[in-house]
Amino acid sequence: MPTYFCFIERDIIGTPHMEPLDADSEDQARAQAKALLSTHASGIAAHILLDDKRIATIRRLRP
């Protein structure tokens, strides 16, 4: 089973946030990363990594 990671890019200076995702597919990883991004008020993007490659980026739309 692949291990996906999510890195939350923030618009403020501070400790970066990165955590493994409990996903079996890229679609599941995207859904989990989107949910994780919504929990970080300063988050502007969630980057999904598989091994050493970024496979997707989800950006928060600001009103």
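Below, the structure is looked at part by part. (Residues numbered from 1 in each chain as written. Predicted model: local features only at pLDDT ≥ 70, side-chain atom pairs only at ≥ 80, totals over all residues. Heavy atoms only, no water.)

Looking at the nonpolar core
Rules: For our purposes a nonpolar core is just a set of buried Ala, Val, Leu, Ile, Met, Phe, Trp, Tyr and Cys residues, chained together by side-chain atoms within 4.5 Å. Each residue gets one of three labels from its accessible area relative to the maximum for its type: buried under 20%, exposed over 50%, partly exposed in between, using a 1.4 Å probe on protein chains only. Helix and strand definitions here come from DSSP, where helices need a minimum of 4 consecutive H or I residues and strands a minimum of 2 consecutive E residues; each element is numbered from the N-terminal end. Two residues qualify as a contact provided that any one of their heavy atoms is within 4.5 Å of a heavy atom in the partner residue.
Counting 13 residues, the largest nonpolar core has Cys 6, Leu 21, Ala 33, Ala 46 and Ile 48 as the members making the most contacts within it. Those elements giving two or more residues to this core turn out to be strand 1 (4-10), helix 1 (26-38), strand 3 (43-50) and strand 4 (53-59). Top element by residues in this core is helix 1. It accounts for 4 residues. If we skip the residues at most four places from it in the chain, Ala 46 touches Cys 6, Phe 7, Ile 8, Ala 33, Leu 37, Ala 56, Thr 57 and Ile 58.

Describing the environment of Asp 24
As for its position among the elements, Asp 24 is in the loop between strand 2 (17-21) and helix 1. With 15 residues separating them along the chain, Asp 24 and Glu 9 place their C-alpha atoms 23 Å apart. Setting aside residues no more than four positions away along its own chain, Asp 24 makes contact with Met 1, Pro 2 and Tyr 4.

Some details on the pairing of strand 2
Stated precisely, the cut-off is as follows: At least two bridges found by DSSP between two strands are what make those strands a pair.
Judged from the 5 bridges that link them, strand 1 and strand 2 form a sheet pairing that is antiparallel. By the bridge assignment, Phe 7 is partnered in strand 2 with Met 18. In this structure, the hairpin formed by strand 1 and strand 2 is closed by a connection of 6 residues.

Some details on the pairing of strand 3
Most of strand 3 is tucked away: 6 of the 8 residues are buried. Both strand 1 and strand 3 contribute to a ladder of 7 bridges, which runs antiparallel. Residue pairing in the sheet places Cys 6 in a bridge with Ile 48 of strand 3. In terms of strand pairing, strand 3 meets strand 4 through 6 bridges, oriented antiparallel. For Ile 48, the partnering residue across the bridge sits in strand 4 and is Ala 56. Counting the residues that bridge the hairpin from strand 3 to strand 4 gives 2 residues, and of these Asp 51 lies at a positive phi of roughly 60 degrees.

Observations regarding unusual backbone geometry
Of note, Asp 51 is a non-glycine position whose phi angle comes to about 60 degrees, a positive value. Within the secondary structure layout, Asp 51 lies in the loop between strand 3 and strand 4. Classification of Asp 51 as exposed rests on a relative accessible area of 68%.

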